[in-house]
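In case you want the letters, here they are:
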Amino acid sequence: MKVVIQRVAKSSVTIDGERVASIENGLLVLLGIINKDTEDDIKWLSNKIVNLRIFGDENGIMNKSLIGVDGDIIVVSQFTLHALTKKGNRPSYIQAAKPDVAIPLYESFVKQLENDLGKPVQTGRFGADMKVDLLNDGPVTIIIDTKNKL
């Protein structure tokens, strides 16, 4: 699994003119899934995200986690994170998992985040044409790939 995590002052997801998710003070998590991803990847990544100390403390130092600031999360599926761009100008998405593999892992990831965070997590809609709006706070943007966790 690969994620792009953006610390946001606010973020929302709109599909066909309908706002389906909206948060303030939290994380927008763009999630890419490949066929080799497992439940172990989900558990490790969820724990890493909710405990990542990237929020300011009383001195403005990035020393608090999402849990520590009672922040929220929006998760958006993003198969394009696994784009291969070495050859030509048209990205290849061959590494991205197909929906029959990706959807159950996506849903399991959201449930694990909810469990680790202790509250509901908002999402986009898998496979939909989404408009994602965000006000990046910092800006703070972090990329994590579970295949590089050791």
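Above: the structure in question.
Not measured: the values here are computed from a predicted model.

Enquirer: Looking at this structure, how should I read the packing of aromatic side chains?
Expert: For any two aromatic rings, the description comes down to two numbers: the centre-to-centre distance and the angle of the planes. Counted under the stated rule, the structure contains two aromatic pairs. Between Phe 79 and Tyr 93, the aromatic rings sit 5.0 Å apart at their centres with planes inclined by 80 degrees, giving edge-to-face as the arrangement. Here Tyr 93 lies in the loop between strand 5 (72-77) and helix 2 (99-117) and Phe 79 lies in the loop between strand 5 and helix 2, a separation of 14 residues in the sequence. Residue class for Phe 79 comes out partly exposed when judged on its relative accessible area of 48%.

Enquirer: Looking at this structure, I do not really get the sheet that holds strand 6 (residues 122-123). What am I missing?
Expert: Two pairing modes exist for strands in a sheet, parallel and antiparallel, and in both the strands are linked by backbone hydrogen bonds. The sheet built from five strands is open, its strands ordered 6-5-2-1-7 with mixed pairing. Pairing within the sheet leaves two strands with one partner each, and these edge strands are strand 6 and strand 7 (130-145). Both strand 1 (residues 2-15) and strand 7 contribute to a ladder of twelve bridges, which runs antiparallel. Across the sheet, the residue bridging to Ile 15 is Met 130, located in strand 7. Packing of helix 2 onto the sheet brings it into contact with strand 2 (18-32), strand 5 and strand 6, and relative to strand 5 it is tilted by some 170 degrees.

Cut-offs and rules
Residues numbered from 1 in each chain as written. Predicted model: local features only at pLDDT ≥ 70, side-chain atom pairs only at ≥ 80, totals over all residues. Heavy atoms only, no water. Phe/Tyr/Trp six-rings, centres within 6.5 Å; stacked < 30°, edge-to-face > 60°. Helix = DSSP H or I, 4+ residues; strand = E, 2+ residues; numbered from the N terminus. Buried < 20%, exposed > 50% of the residue type's maximum accessible area, 1.4 Å probe, protein only. Pairing = 2+ DSSP bridges. Contact = heavy atoms within 4.5 Å. Axes fitted to C-alpha atoms, helices over the stretch in contact; angles between N-to-C directions.

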